[in-house]
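Inside the fold
What follows is each chain in one-letter form.
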Amino acid sequence: MKQAKKSWRIWFWVTLLTAITGVASIPGIVLFAINKQFFLMAVCITLAVHAFFGITFYAIAMANSAKDVRLIRAINSYGLGSVSDLASATGMAYNSAKECIERCIKRGYLEGYFFDGNTLQRIEPIEPIERRCAYCGSTLLQNEVKCPSCGSSVN
């Protein structure tokens, strides 16, 4: 969850700063052209073009990050697992929720989950069974039938 929120915050600030510099560069173009400061005028033109073309993509990335945060919050808070339940809880379309789950798993926001295309299931870790030799007390692997230390047969 922290990684998804951090990603959303980064995209938010990139979008906001791009919008501010794009708007602020427009009067800068005029003022620097009047004062014949062509290098600063070129910088303002570059910022305006960057803002004009980049703001759309940054806003889309920010919206996708917000969807990721909303989906992870629904999974953690409500314990939902099916795509249709997650889609209705988050207000997304079915395909959008499915893509969002896949993106969250791919980016590492959802660790310890298995997604088969319809349901999201939590993977429970299997703890290894510790076995000891009855004669010498050394630790044995799961598939060993003979103790490597003393050579006795283990049940």
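Everything numeric here is computed off the predicted structure, so don't read it as measured data.

Here we take up the confidence of the model for the chain. Of all residues in the chain, 97% have pLDDT values of 70 or greater, and the mean over the chain is 90. Considering each helix and strand of the chain separately, the mean pLDDT is smallest for strand 3 (residues 131-132), with a value of 78, and largest for helix 1 (residues 2-34), with 95.

What follows is about the packing of helix 1 against helix 2 (residues 38-78). Their axes nearest at 7 Å, the elements helix 1 and helix 2 cross at an angle of 160°. With respect to helix 2, the element helix 1 is oriented roughly antiparallel. The hand of the helix 1/helix 2 crossing is left-handed.

Right, let's get into unusual backbone geometry. Backbone geometry at Lys36 places phi at a positive 60°, although glycine is not the residue there. Position of Lys36 relative to the elements: it lies in the loop between helix 1 and helix 2.

Turning next to the side chain of Ser152. Mapping Ser152 onto the fold places it in the segment after strand 4 (139-140). Ignoring any residue separated from it by four or fewer positions in sequence, one finds Ser152 in contact with Cys133, Tyr135, Val145, Lys146 and Cys147.

What counts, and where the lines are drawn
- Residues numbered from 1 in each chain as written.
- Predicted model: local features only at pLDDT ≥ 70, side-chain atom pairs only at ≥ 80, totals over all residues.
- Heavy atoms only, no water.
- pLDDT = per-residue confidence, 0-100.
- Helix = DSSP H or I, 4+ residues; strand = E, 2+ residues; numbered from the N terminus.
- Axes fitted to C-alpha atoms, helices over the stretch in contact; angles between N-to-C directions.
- Parallel < 35°, antiparallel > 145°, perpendicular 65-115°, else oblique.
- Left-handed = near helix turned anticlockwise from the far one by under 90°.
- Contact = heavy atoms within 4.5 Å.

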